[in-house]
Amino acid sequence: MHHHRRSLSEASAALVLSESDSDDQRQRNHWTWDIPSILSRAKKSPTSAAQQQNQTQHQPLRVLLITTSLVEYDKGTRGTTHGYDRLQHVMLPPLIDSVKSMTSHGWHVDVYLILGYQSLTTHRRQLIIDSLPPNVGLEIWEDAIPLFYQNSYNKRPKSDQAIIPGAHGLSRQHRYVLRDKLQYYDFFVCFEDDMRVTADHVLEFLETSHDIYQLYDDSMASSLLSKRSNDNSNGQNARVAVVKDEDGNSIVPPPFVNRHKSNDGATVGNDIIYDPISIEHIQRLFPGLLRVEVLDRRRDKGDHPLRKRGALDNHRFVKEFPPSRNAFYTSTTTTHDDGEKSLLDPTICCDENDPPRGKMTAHPSMEEVVMWETNIYATGVRKYPDPIGWVAAMPVEDKADVGSFWSGYDKDEPNLKRPRRVDETIGNQAGFMATRSQVEYFHNEACPGGFLPPFDSMHWKGDSLQRHSVEFWSGGFQLFGQCYLNRILPLEPRRFEKHLIYHVSNNKQRTVPVKKMIRVGDFYGQILTVKEKAIHFAKEMWSIELT
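For the structure given in this document, a descriptive report is provided here.

Reading the values: the criteria
Residues numbered from 1 in each chain as written. Predicted model: local features only at pLDDT ≥ 70, side-chain atom pairs only at ≥ 80, totals over all residues. Heavy atoms only, no water. Helix = DSSP H or I, 4+ residues; strand = E, 2+ residues; numbered from the N terminus. Buried < 20%, exposed > 50% of the residue type's maximum accessible area, 1.4 Å probe, protein only. Areas by Shrake-Rupley, 256 points an atom, 1.4 Å probe, with all protein chains shown as cover. Pairing = 2+ DSSP bridges. 1 Å grid on protein atoms, 1.4 Å probe; cavity = no way out; pocket = protein on both sides within 12 Å on 5 of 7 lines; lining within 4 Å. Points joined across faces, edges and corners; volume = space filled by probe spheres on them. Phe/Tyr/Trp six-rings, centres within 6.5 Å; stacked < 30°, edge-to-face > 60°. Lys NZ or Arg CZ within 6 Å of the ring centre and 35° of its normal. Disulfide = S-S within 2.5 Å. Core = buried A, V, L, I, M, F, W, Y, C linked by side-chain atoms within 4.5 Å. Salt bridge = Lys/Arg side-chain N within 4 Å of Asp/Glu carboxyl O. Patch = residues over 30% accessible without salt bridge, like charges linked within 9 Å, V, L, I, M, F, W, Y side chains within 5 Å.

With that out of the way, let us pick up the overall build of the protein. Regarding its fold elements, the protein presents 14 helices and 22 strands. Per-residue burial over the protein gives 58% buried out of 547 residues. For the protein, the accessible surface area stands at approximately 23500 Å², while carbon and sulfur atoms represent 47% of it.

Shown next, in the form of structure tokens:
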């Protein structure tokens, strides 16, 4: 491993708590206990952060960006161009955007690169160093692809079998960095090299985490009050949070005995709209992200298949779930159908200057922003108690589901199969972000076999690289499958758009089947359609008026 410019500032990067953060608070609030302190420090202006950095309780937010990059130059596979300078034109632009957006908030940022190639020349190392702002620490782990015995899952390798590089395991290596650096940073951003994640994404992630914190804290306080007032009940009946109307009265749905029963491994049915949520299930909530691309305008590639007339209008499930008109506003300057334009704004996720860097698109409209990782048939909605409110529920493994109103639910066809842990709809993020306490929760409580190395428990059956793909290690199939985390997306448009992250390689749009691609604005409209369906269902079935 090589160190460049300076080592990461671990001595001064330890997580700092305010004096009001007590051991009791940590115990009560689980992984959310440090969210208020972290969010407060993240939102401080650069000036005040600089002025107060010598005061223990006001140290700037410490962020470690961990990026994995398999190759220095593209190989020409999966829609890439052979020999294209991936380091300079794919990895560096989003990395620079991420770092500069964060340092502009006064945060202390360090970068850790995990490279799948053997070494960097001095010139290429200097290129990276010169691209980063002053005082940003950098470490580089070269030749980081792990070795393993192929085809030896759950059995001993043959005596003459050689170990080979496991390129699919490169995305596992950030776990080793996390374990090594965990005590020295407040927040970790771990993604593949072509994902743009900025300070706006981090702040929204923390805001959503804070909403979960408030819901958890209010519910825990309520249950503790019940324990004190009724020792016989032991507080068990009060350990839930409930949705309330405008007058503060609880809205209680019909008992589960009369509700839909799951036909898979889920413990809840598909008609969960505004039900009380238990403390245990609140702990499983987690901010979600949607990977997106912007349609390119490249003439050298010929006619773009997704720019052909009507190509994106006939997306899957458009007849079953036509996008709600409430997701659009009328515009006389757009080419979208009927002069309507999405309420969403692409600036935060995807804006790029002209001329654009790499393969990005300059100043895109929302109608050019597309997605492919999931679809509306794999999505649900739910109205959580304040302060969360209405959210979209992303796909999750059946037994991990805390409940939502599934888009495909039909009371007359209760045995329809809901998409669960399916490759094409699970919504892979190509990475994740988390606070230190969230990572500790993943490792110590949520994830079977742990989230951090050494991966030597019986759960891994001898070799953690045997049965798990890139998508498992980059977060998706483990966190939102085995670890029981349920991703949520706030439906308020200014917040929803901050859960979109740009895949700057921009290659999926020309390699993924057209039927899987959909405008993000149309997908958002479909979610609102399902929300309207849920509101109608609650009124028709239970005479409950929801807003």
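Moving on to the sheet that holds strand 21 (residues 500–503). Read from one edge to the other, the open sheet built from five strands follows the order 8-21-12-15-22, with strand pairing classed as mixed. A strand with exactly one partner marks an edge of an open sheet, and here the two such strands are strand 8 (195–196) and strand 22 (518–519). Inspection of the sheet shows strand 8 paired to strand 21 by two bridges, in the antiparallel sense. Residue pairing in the sheet places Met-195 in a bridge with His-503 of strand 21.

Looking along a regular strand, one sees the side chains alternate between the two faces of the sheet. Counting buried positions along strand 12 (residues 290–294) yields five of five residues, so the element is predominantly enclosed. Burial of strand 12 is two-sided: the residues Leu-290, Val-292 and Val-294 facing one way and the residues Arg-291 and Glu-293 facing the other way are all buried. Two elements, strand 12 and strand 21, share three bridges in a ladder whose sense is parallel. Each residue of the ladder has a partner; that of Arg-291, found in strand 21, is Ile-501.

With that settled, the discussion passes to empty space enclosed by the protein. Scanning the entire structure with this criterion turns up five cavities of 30 Å³ or more. The calculated volume of the largest cavity comes to roughly 120 Å³. If you trace the largest cavity, you find 13 residues lining it, with Thr-67, Leu-95, Ser-98, Glu-192 and Met-195 closest to the centre. For the lining of the largest cavity, the element with the most residues is helix 4 (residues 86–103), which contributes four residues.

Okay, the packing of aromatic side chains next. According to the stated counting rule, one finds 21 aromatic pairs in the structure shown. Both rings, one in Tyr-185 and one in Phe-188, keep their centres 6.1 Å apart while their planes meet at 70°; by these two values the pair is edge-to-face. Just as Tyr-185 is buried, Phe-188 falls in that class too. Aromatic pair Trp-460 and Phe-472: ring centres 6.2 Å apart, planes at 90°, arrangement edge-to-face. In this pair, Trp-460 is assigned in the loop between helix 10 (436–446) and helix 11 (470–473) and Phe-472 in helix 11, connecting sequence segments twelve residues apart. An aromatic cluster is present here, built from Phe-187, Phe-205, Phe-286, Phe-432, Phe-442, Phe-451 and Phe-480 joined pairwise through their rings. The side chain of Arg-175 reaches across the aromatic face of Phe-451, ending 3.7 Å from its centre. The aromatic ring of Tyr-84 is capped on one face by Lys-359, whose charged end is 4.5 Å from the ring centroid.

Our focus in this paragraph is the state of the cysteines. A full pass over the atoms with the stated rule returns two disulfides. Here Cys-349 pairs with Cys-350 through a disulfide, and the sulfurs are 2.3 Å apart. Linking Cys-349 and Cys-350, the disulfide has an S-S dihedral of approximately -100° and is accordingly described as left-handed. A relative accessible area of 0% means that Cys-350 is categorised as buried. Disulfide partner of Cys-447: Cys-483, at an S-S distance of 2.0 Å. The sign of the 115° torsion about the S-S bond sets the Cys-447-Cys-483 disulfide as right-handed. Of this pair, Cys-447 sits in the loop between helix 10 and helix 11 while Cys-483 sits in the loop between helix 12 (476–482) and strand 20 (486–490), and the two are 36 residues apart along the sequence. Accessibility expressed as a relative area gives 2% for Cys-483, which makes it buried. Cysteine pairing for the protein (bonded cysteines numbered in sequence order): 1-2, 3-4.

Within the largest apolar cluster, 85 residues are counted, with the highest numbers of intra-cluster contacts made by Trp-107 and Val-189. At ten residues, helix 7 (residues 199–229) tops the list of elements feeding residues into this core. Tyr-84, Leu-290, Cys-350 and Trp-542 belong to the second-largest nonpolar core, a separate cluster that totals 47 residues.

Next up on the list: the pattern of salt bridges. Here the structure, examined in full by the defined rule, presents 34 salt bridges. A salt bridge links Arg-284 to Glu-280; the nearest nitrogen and oxygen atoms lie 3.0 Å apart. Residue Arg-284 is classed as buried on the basis of its relative accessible area of 10%. A salt bridge links Asp-401 to Arg-418; the nearest nitrogen and oxygen atoms lie 3.8 Å apart. Of this pair, Asp-401 sits in the loop between strand 17 (389–393) and strand 18 (405–406) while Arg-418 sits in the loop between strand 18 and strand 19 (431–435), and the two are 17 residues apart along the sequence. Judged by relative accessible area, which is 3%, Asp-401 ranks as buried.

Bringing a nonpolar patch on the surface into the picture now. Taken together, the side chains of Leu-147, Tyr-149 and Ile-163 define a hydrophobic patch exposed on the protein surface, amounting to about 270 Å² of accessible area. Tracing the sequence through the fold places Ile-163 in the loop between strand 5 (147–148) and strand 6 (164–165). Taking relative accessible area as the criterion, Ile-163 reaches 43% and is therefore assigned partly exposed.

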